[in-house]
Amino acid sequence: MSPANIYHSVKLGFDSLHWAYIPLFIQVCLVISVIALVSIIIAIIHIAMDRIQMRLYAKERENISKEVNMLLMIAILNPENGEPDLSFDYSLKQFNSKPISRTVTKQVLVEGMLAYRNNFTGKIAARTRKLYLSLSLERDAFKRISSRFWETKVAALLELYNMNVPVNKEILLRLVNDRNKRIREVARLSLIKYNDSDPLQYLRDLDEPLSKWEEFEIFQVFKRKTNYTLSEMNGLLSLEKDPTVVSLCLKLAVLFNQQSSIELIKTLVKSPVIKLRAEAIETLGLLHATKLEDYLVSLYSTQPHEVQLSILVSISSMRTGKHLDFIENEFIRSNNFEIKKYASETLVKLYPLSSSVIDRLIDTSKSDNLRMLNYSLNPLINVA
Amino acid sequence: MKHILLIDDDIVFTTAVSQILHEQDYKVSIAKDGKEAAEELSSSTFSLIVTDMLMPYTNGLEMVSNIRQNAETLHTPIMVISGIDNEQSISDWSRLGVNSWVKKPLSMTTLITNIQNLTKNAHYVAS
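Cut-off values and rules
Residues numbered from 1 in each chain as written. Chains lettered and ligands numbered in written order. Predicted model: local features only at pLDDT ≥ 70, side-chain atom pairs only at ≥ 80, totals over all residues. Heavy atoms only, no water. Core = buried A, V, L, I, M, F, W, Y, C linked by side-chain atoms within 4.5 Å. Buried < 20%, exposed > 50% of the residue type's maximum accessible area, 1.4 Å probe, protein only. Contact = heavy atoms within 4.5 Å. Buried area = accessible area lost by both parts, 1.4 Å probe. Salt bridge = Lys/Arg side-chain N within 4 Å of Asp/Glu carboxyl O. Polar contact = N/O pair within 3.5 Å; in protein donor to acceptor, adjacent residues only side chain to side chain. Helix = DSSP H or I, 4+ residues; strand = E, 2+ residues; numbered from the N terminus. Pairing = 2+ DSSP bridges. Axes fitted to C-alpha atoms, helices over the stretch in contact; angles between N-to-C directions. Right-handed = clockwise from strand over helix to strand, strands pointing away. Parallel < 35°, antiparallel > 145°, perpendicular 65-115°, else oblique. Left-handed = near helix turned anticlockwise from the far one by under 90°. Nonpolar A, V, L, I, M, F, W, Y, C, P; charged D, E, K, R; others polar. pLDDT = per-residue confidence, 0-100. Arc of directions from axis to C-beta.

A few points about the nonpolar core
One finds Tyr116 and Leu203 of chain A to be the most contacted residues of the largest nonpolar core, which totals 120 residues. Setting aside its immediate chain neighbours within four residues, Tyr116 of chain A contacts Leu72, Met73, Ile76, Leu77, Ile124 and Thr128 of chain A together with Val12 and Ala16 of chain B. Listed in part, the 18 residues of the second largest apolar core include Leu5, Met55, Met63 and Leu96 of chain B.

Now the structure itself:
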């Protein structure tokens with residue numbers, strides 16, 4: 001049908017509707033309704049097409065996954081039988097004979113490898129990395145770092161990070177100043193991971209808050225560093241530094257049991273940021289700074305609720321049993337539910353030092369106090 | 001042949017672990033979540049239960065508590081495999097009757113040694 005014919009048919013249609021005689025307002029409404037209807041139909045078709053595509057993609061992935069995971073298992077899990085490594089070479093040959101240049105196959109393969117790296121250490125993790133490098137998959141990841149899309153960049157950086165493939169320091173230094181927050185975070189993470197001489201250096205230079213995710217990941221990086229001694233944290237455990245960085249350093253001090261940082265942490269007890277103050281007090285407990293236990297108890301009455309709870313937690317971590325009377329008193333006399341709960345949990349954690357206090361409280365407590373104590377003794381029993 | 005129940009929703013992980021345990025002469029049943037685990041536990045007897053803590057439907061702690069409350073599984077050793085390793089969680093697991101825990105990412109040698117110890121001394125461990 002030619003455009004002239006279409007025009008003619010539409011004109012005839014309009015004439016039969018007596019279009020010219022319909023009021024302008026109705027004409028506009030009719031046009032808008034038709035446009036809306038056509039848009040809805042197009043949207044529905046678009047959604048349906050997307051769904052069909054997604055289903056086909058999922059099916060294709062499922063088919064590929066079975067084969068790829070089987071080959072991954074042969075390559076990674078079979079024990080090394082000396083040189084040549086037959087099972088590994090077999091899988092490598094199979095992978096190379098497949099069109100792994102296809103995005104979907106490569107995605108499934110890399111996802112499978114990342115799952116192995118995230119779940120296992122030792123030989124399995126090492127063989128996964130060996131296979132990744134043998135298939136030159138890192139080249140593709142390096143290419144993706146220069147992508148225009150931030151999600152692709154982040155995925156590529158994380159892939160290399162998890163596969164333990166170092167990225168050029170210059171590239172990382174450029175990415176830590178990227179406008180996108182996620183890119184900055186992952187780049188920082190890699191920078192810390194691959195800086196063996198002083199991984200804390202980057203935190204010293206950092207002048208923006210860390211996200212929770214980043215804090216967790218950086219902590220994991222340090223956790224995986226073996227035979228590593230944490231450098232002194234002067235300038236990091238300080239009231240001038242961003243509270244998120246200080247919070248991470250407190251966790252690191254506990255992880256590496258850095259007793260030398262106790263004095264620095266003591267200064268944080270005066271922090272105007274209540275959350276940080278509470279965290280510093282809990283850290284003192286975890287570091288067993290028993291010399292400061294009396295000091296913390298003396299602060300108790302002047303502190304806000306959150307800090308009072310952290311003092312109770314700290315006492316339970318120190319496990320000296322020096323302040324059982326104080327905890328018992330808080331459990332009996334406080335009107336605050338949380339204080340009572342923390343005091344009762346502290347008593348349970350101080351067992352057997354607190355056994356006589358617990359027995360006495362079980363004998364003398366009534367209703368809510370008794371229920372709370374029973375719950376602390378076993379959080380999954382039915383105390384109703 | 002010792003029969004092990006492996007509970008985890010990560011297919012790559014369960015496939016890999018079961019493959020290696022098969023090679024070590026263990027029979028392995030896999031459950032993806034608490035529901036499937038409950039079905040497996042009601043139909044078979046296991047020498048060891050290896051479970052993750054985070055999974056669909058039933059929280060790992062709840063499941064361990066259920067296992068310990070059931071007379072038939074009361075003495076079955078339980079091993080937890082988890083990415084979480086804070087002091088509080090470990091203390092909660094121990095109080096509920098978890099016999100051993102291994103942190104992810106894990107070394108297969110550690111896992112096998114732990115499994116061997118728990119299944120060899122199953123009765124002693126559980127009591």
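Regarding the interface of chain B and chain A
Contacts between the two partners involve 22 residues from chain B, matched on the other side by 21 residues from chain A. Carbon and sulfur atoms supply 60% of the area buried between chain B and chain A, which totals about 1,600 Å² over both sides. Of all residues in chain B, the largest losses of buried area upon contact with chain A belong to Val12, Arg95 and Pro105 of chain B, amounting jointly to 32% of the total for that side. At the surface where chain B touches chain A, the tally comes to zero salt bridges. One can count four residue pairs in polar contact (both at pLDDT 80 or more) joining chain B with chain A. Elements with a minimum of two residues in the side of chain B that touches chain A: helix H1 (11-23), helix H3 (60-69) and helix H4 (87-96) of chain B. Among the elements that line the side of chain B that touches chain A, the one with the most residues is H1 of chain B, at eight residues.

Details of the sheet that holds strand S2 (residues 27-31) of chain B
By way of backbone hydrogen bonds, the strands of a sheet pair with one another, either parallel or antiparallel. Residues and elements named next belong to chain B. Ordered by their spatial adjacency, five strands build an open sheet running S2-S1-S3-S4-S5, and the pairing between neighbours is parallel. In this open sheet, the two strands that pair with only one neighbour each are S2 and strand S5 (100-103). On average, each strand axis in the sheet is inclined to that of its neighbour by 20 degrees, with strand direction left out of account. Pairing of strand S3 (residues 48-51) with strand S4 (residues 78-82) involves three bridges; the strand directions are parallel. Looking at S4, one finds that Ile49 is bridged to Ile78.

Re the pairing of S4 of chain B
Along any regular strand, the residues point their side chains to alternate faces of the sheet. Residue and element names in this part refer to chain B. Counting buried residues along S4, five of its five residues qualify, which places the element largely inside the surrounding structure. After leaving S3, the chain enters H3 and then returns to the sheet as S4, a path that is right-handed. Two strands pair when backbone bridges link them, and S4 and S5 are joined in this way by four bridges, in the parallel orientation. Looking across to S5, one finds that Ser82 is bridged to Lys103. Handedness of the crossover joining S4 and S5 through H4 is recorded here as right-handed.

Examining the packing of helix H2 (residues 24-77) of chain A against helix H4 (residues 103-119) of chain A
Residue and element names in this part refer to chain A. Two numbers describe how H2 lies on H4: the axes approach to 9 Å, and their chain directions differ by 45 degrees. When the axes of H2 and H4 are compared, the pair comes out oblique. Between H2 and H4 the crossing geometry is right-handed. Contacts between H2 and H4 involve Tyr57, Glu60, Arg61, Ile64, Ser65, Val68, Asn69, Leu72, Met73, Ile76 and Leu77 on the former and, on the latter, Val104, Thr105, Gln107, Val108, Leu109, Glu111, Gly112, Met113 and Tyr116. Counted by class, the contact of H2 with H4 contains 12 nonpolar, five polar and three charged residues.

Structural notes on the confidence of the model for chain B
Residue and element names in this part refer to chain B. Confidence in the prediction of chain B, expressed as mean pLDDT, is 84, and 94% of residues score 70 or more. Per-residue pLDDT, averaged within each element of chain B, yields its smallest value for helix H6 (residues 122-126) (53) and its largest for S2 (93). In the predicted assembly, ipTM is 0.81 and pTM is 0.67.

Things to note about the pattern of salt bridges
All names here are of chain A. Counted under the stated rule, the structure contains 17 salt bridges over all chains. The salt bridge involving Arg61 is made with Glu111; its shortest N-O contact spans 2.5 Å. With Arg61 in helix H2 and Glu111 in helix H4, this pair connects stretches of sequence that are 50 residues apart. When the shortest N-O distance is used, the salt bridge between Asp294 and Lys322 registers 3.3 Å. Here Asp294 is found in helix H15 (residues 293-299), whereas its partner Lys322 is found in the loop between helix H16 (305-318) and helix H17 (324-333), with 28 residues between them in sequence. Here Lys322 falls in the partly exposed class, since its relative accessible area comes to 48%. Several salt bridges converge on common partners, so that one network encompasses Lys212, Glu215, Lys251, Lys275 and Glu279.

Quick word on the environment of Ser334 of chain A
All names here are of chain A. The residue Ser334 is located in the loop between H17 and helix H18 (337-349) in this model. Setting aside chain neighbours within four positions, we find Ser334 in contact with Asn329, Ile339 and Lys340. Of note is the side chain of Ser334, whose polar atom sits 3.0 Å from the backbone nitrogen of Asn336.

Things to note about the environment of Tyr351 of chain A
Residue and element names in this part refer to chain A. Structurally, Tyr351 can be placed in the loop between H18 and helix H19 (355-364). Between the C-alpha atoms of Tyr351 and Ser316, which are 35 residues apart in sequence, the distance is 9.7 Å. Residues within four places of Tyr351 in sequence aside, it is in contact with Arg319 and Ile358.

Quick look at the pairing of strand S1 (residues 3-7) of chain B
Residues and elements named next belong to chain B. Burial within S1 is extensive, with five of its five residues counted as buried. Burial along S1 is two-sided: His3, Leu5 and Ile7 facing one way and Ile4 and Leu6 facing the other are all buried. For S1 and S2, the ladder comprises five bridges, and the chain directions are parallel. Within S2, the position partnered with Ile7 by the bridge is Ala31. When S1 meets S3, the two strands line up parallel, connected through four bridges. Each bridged residue has a counterpart across the sheet, and for Ile4 the counterpart in S3 is Leu48.

Concerning H4 of chain B
Residue and element names in this part refer to chain B. Residues of H4 that are buried include every one of Ser89, Ile90, Asp92, Trp93 and Leu96, and no others. Each buried residue of H4 lies within a common arc of 160 degrees when the element is viewed along its axis, so the set occupies one face. For H4, the elements touching its buried residues are H3, S4 and S5. At the C-terminal side of H4, Gly97 shows a positive phi close to 105 degrees.

Re unusual backbone geometry
For the bond from Tyr351 of chain A to Pro352 of chain A, the omega torsion is 10 degrees, close enough to zero to count as cis. Here Pro352 of chain A lies in the loop between H18 and H19. Of the consecutive residues Lys104 of chain B and Pro105 of chain B, the connecting peptide bond is found in the cis state with omega at -5 degrees. Mapped onto the fold, Pro105 of chain B is located in the loop between S5 and helix H5 (108-120). One non-glycine residue, Asn257 of chain A, lies in positive phi territory at about 45 degrees. Topologically, Asn257 of chain A is positioned in the loop between helix H12 (243-255) and helix H13 (262-268). What makes Asn257 of chain A partly exposed here is its relative accessible area of 45%. The phi dihedral of Asp25 of chain B falls on the positive side, at around 75 degrees, and the residue is not glycine.

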